Amino acid sequence: MRDAEEVLTHWQTGRSIRSIAGSLGISRPTIRKYVAIAEDHGYQVGGSAPPGGWRAFFQEAAPEVFDPGLGSTIFAELRSRHDDIKEALAHTNIMTAWQRLSDDESGMNASYSSFRRYVM
């Protein structure tokens, strides 16, 4: 999230996407994504920042930037199975819980690494 705030702060001062990418070490497509979100909401180079700041803006306008898991179909699936996951973890470790949930009839599609990120 801090990256998105920094990107748009630099962008509003008139810095180029290439310049921002070089100084912050963020890919140009990612910078373009953040800029597009801001422009879609009426913000422009040289204008003022949102009233509550860029963090508040992103939490409202694009919550998936603040929490990438919100935009993920895998994390949506994991959230929908939260109670099953909680129950499985009450009786076993993360790896075994993932394996059992993946093998059951509903066939959870999350990889072990996604499952682990969700649990942690």
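Before any of the text, the structure's been laid out above.
Here's what I pulled together on the structure shown here. Fair warning: this is a prediction, and the values are worked out from it, not measured in the lab. Counting of residues starts from 1 at the beginning of each chain's written sequence and follows it residue by residue. Under the rules for a predicted model, residues below a pLDDT of 70 receive no local features and side-chain atom pairs below 80 are neither given nor counted, while totals for whole chains, interfaces and linings still include all residues. Hydrogens and waters are ignored; side-chain quantities use all the structure's heavy atoms.

**Looking at the packing of helix α7 (residues 82-91) against helix α9 (residues 112-119)**
Here is step 1: Packing of α7 against α9 brings their axes to within 12 Å, and their N-to-C directions diverge by 85 degrees. On the basis of their axis angle, the class for α7 and α9 is roughly perpendicular. Contacts from H82, I85 and L89 of α7 reach α9 at F115, Y118 and V119.
Here is step 2: Classifying every residue of the contact of α7 with α9 gives five nonpolar, one polar and no charged. Here an angle of 0 to 180 degrees is reported between the N-to-C directions of two axes, which are lines fitted to C-alpha atoms, with helices fitted over the stretch in contact. Secondary structure elements follow DSSP: runs of H or I of four or more residues count as helices, runs of E of two or more count as strands, with numbering from the N terminus. Oblique is the label for every angle not falling under 35 degrees (roughly parallel), over 145 degrees (roughly antiparallel), or within 65 to 115 degrees (roughly perpendicular). Working rule for contacts: check all heavy atoms of both residues, and any pair within 4.5 Å makes them a contact. Classification convention: Asp, Glu, Lys, Arg as charged; Ala, Val, Leu, Ile, Met, Phe, Trp, Tyr, Cys, Pro as nonpolar; all other residues, Gly among them, as polar.

**Here's the deal with the environment of L8**
Here is step 1: Mapped onto the elements, L8 comes out in helix α1 (residues 2-12).
Here is step 2: For the pair L8 and Y43, spaced 35 residues apart in sequence, the C-alpha separation works out to 9.7 Å.
Here is step 3: Setting aside chain neighbours within four positions, we find L8 in contact with Y34, V35, A38, W54 and F58.

**A few points about the nonpolar core**
Here is step 1: Ranked by internal contacts, the top residues of the largest apolar core, which has 17 residues, are V7, L8, W11, I31 and F58.
Here is step 2: Elements with a contribution of two residues or more to this core: α1, α2 (17-24), α3 (28-40) and α4 (54-61).
Here is step 3: Top contributing element to this core by residue count: α3, with five residues.
Here is step 4: By nonpolar core we mean a set of buried residues, namely Ala, Val, Leu, Ile, Met, Phe, Trp, Tyr and Cys, connected to one another through side-chain atoms within 4.5 Å. Note on exposure labels: buried denotes an accessible area under 20% of the residue type's maximum, exposed denotes more than 50%, and partly exposed covers the range between, all computed with a 1.4 Å probe on protein chains only. I85, W98, L101 and F115 belong to the second-largest nonpolar core, a separate cluster that totals 12 residues.

**As for the packing of helix α8 (residues 94-103) against α9**
Here is step 1: Packing of α8 against α9 leaves a shortest axis separation of 10 Å and a crossing angle of 120 degrees. As far as their axial angle goes, α9 and α8 are oblique. The two elements α8 and α9 meet at a crossing, and its hand is right-handed. Residues I94, M95, A97, W98 and L101 of α8 form the contact with α9, whose participating residues are Y112, F115, R116 and V119.
Here is step 2: Per-class residue counts for the contact of α8 with α9 are eight nonpolar, no polar and one charged. Crossings are sorted by hand: turned counterclockwise from the far helix by less than a right angle, the near helix makes the crossing left-handed, and turned clockwise it makes it right-handed.

**Details of the packing of aromatic side chains**
Here is step 1: Centres within 6.5 Å are what make two rings of Phe, Tyr or Trp a pair, Trp counting through its six-membered ring; a difference in plane orientation under 30 degrees is then read as stacked, over 60 as edge-to-face, and the rest as tilted. Under the defined criterion, the tally for this structure stands at six aromatic pairs.
Here is step 2: Relative to F57, the ring of Y43 has its centre 5.3 Å away and its plane inclined at 80 degrees; by these criteria the two rings are edge-to-face. On the criterion of sequence distance, the pair formed by Y43 in the loop between α3 and α4 and F57 in helix α4 is long-range, its members being 14 residues apart.
Here is step 3: The exposure class of F57 is buried, given its relative accessible area of 8%.
Here is step 4: Arranged with centres 5.2 Å apart and planes meeting at 65 degrees, the rings of F57 and F58 form a pair that is edge-to-face. For the pair F57 and F58, one class covers both residues: buried.
Here is step 5: A connected cluster of aromatic rings, assembled from ring pairs, spans Y34, Y43, W54, F57 and F58.

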